[in-house]
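Observations on the model geometry
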Amino acid sequence: MSPKPTCHLIRPESTYEGKQGLTYFAGIATETVGSSGICMHILTMPPGARAKAHLHENHETAIYVLSGEVHTWYGDRLEQHIVVKAGDLFYIPAGVPHLPANLSDSPSSAVIARTDPNEQESVVLLPELDALVA
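Residues numbered from 1 in each chain as written. Predicted model: local features only at pLDDT ≥ 70, side-chain atom pairs only at ≥ 80, totals over all residues. Heavy atoms only, no water.

As a further point, take the state of the cysteines. In protein chemistry, a disulfide is the covalent bond that joins the sulfur atoms of two cysteines. Within this structure, the stated rule accounts for zero disulfides. A disulfide-free cysteine, Cys7 has its sulfur positioned 18 Å from the sulfur of Cys39, the nearest such atom. Its relative accessible area of 1% is what places Cys39 among the buried residues. (Disulfide = S-S within 2.5 Å. Buried < 20%, exposed > 50% of the residue type's maximum accessible area, 1.4 Å probe, protein only.)

This is the structure we're talking about:
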């Protein structure tokens, strides 16, 4: 018999290195609270930070930018480009290649929610696309 579900408080003090090449503050995930359908954490990208090109094979991503701005290239060949700024909400469907980068001289922070409670499980790196973004 499994234990009765209960509420959990997470203070994002510890960090982990994601496959994408960025450092995340640990948040809500199967690994931290036993969630079964959602993952949510905070990402702060320092000036000049850039993720590796990747996609999330099985989960959707919703991002709310708290501060700063991030350039994101997306699409099969990263041919699309958008600048996501503080106060913006950004959605990335499952299976869409993307590469975010902070090209500014200020940090950018965002709350990131995903439909897979195991945050790194369906991350697929796409090294063949990295060189497409200078």
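In this section: the sheet that holds strand β10 (residues 108-114). Reading across the sheet, the six strands line up as β1-β2-β3-β10-β5-β8 and stay open at both edges, with antiparallel pairing between neighbours. Either end of the sheet is taken by a strand with one partner, and the two such strands are β1 (15-17) and β8 (89-92). The sheet shows a mean angle of 30° between the axes of neighbouring strands, direction not considered. Judged from the three bridges that link them, strand β2 (residues 23-28) and strand β3 (residues 39-45) form a sheet pairing that is antiparallel. (Pairing = 2+ DSSP bridges. Helix = DSSP H or I, 4+ residues; strand = E, 2+ residues; numbered from the N terminus. Axes fitted to C-alpha atoms, helices over the stretch in contact; angles between N-to-C directions.)

Our next topic: the nonpolar core. The biggest cluster of nonpolar side chains holds 14 residues, and the ones touching the most others in it are Leu22, Leu43, Met45 and Ile63. Of all elements in the fold, only β3, β5 (61-67), β8 and β10 reach the threshold of two or more residues within this core. Ile63 has contacts with Asp88, Leu89, Phe90, Ile92, Ala110, Val111 and Ile112, leaving out every residue within four places of it along the chain. Counting nine residues, the second largest nonpolar core, distinct from the first, contains Leu55, Trp73, Leu78 and Val133. (Core = buried A, V, L, I, M, F, W, Y, C linked by side-chain atoms within 4.5 Å. Contact = heavy atoms within 4.5 Å.)

For the structure shown, the criterion picks out one cavity of 30 Å³ or more. Counted as a void, the largest cavity has a volume near 260 Å³. Around the largest cavity, the lining comprises 23 residues; the ones closest to its centre are Leu43, Met45, Ile63, Pro100 and Ile112. Elements supplying a minimum of two residues to the lining of the largest cavity: β3, β4 (54-56), β5, β6 (69-74), β8, β9 (98-101) and β10. (1 Å grid on protein atoms, 1.4 Å probe; cavity = no way out; pocket = protein on both sides within 12 Å on 5 of 7 lines; lining within 4 Å. Points joined across faces, edges and corners; volume = space filled by probe spheres on them.)

Bringing the UniProt feature "domain: Cupin type-2" (unreviewed entry) in the protein chain into the picture now. Mapped onto this numbering, the UniProt entry gives "domain: Cupin type-2" (unreviewed entry) at residues 42-110. Taken end to end, residues 42-110 is 0% helix and 54% strand, and its first and last C-alpha atoms sit 6 Å apart. (UniProt positions renumbered as here; feature names shortened; annotations may be inferred.)

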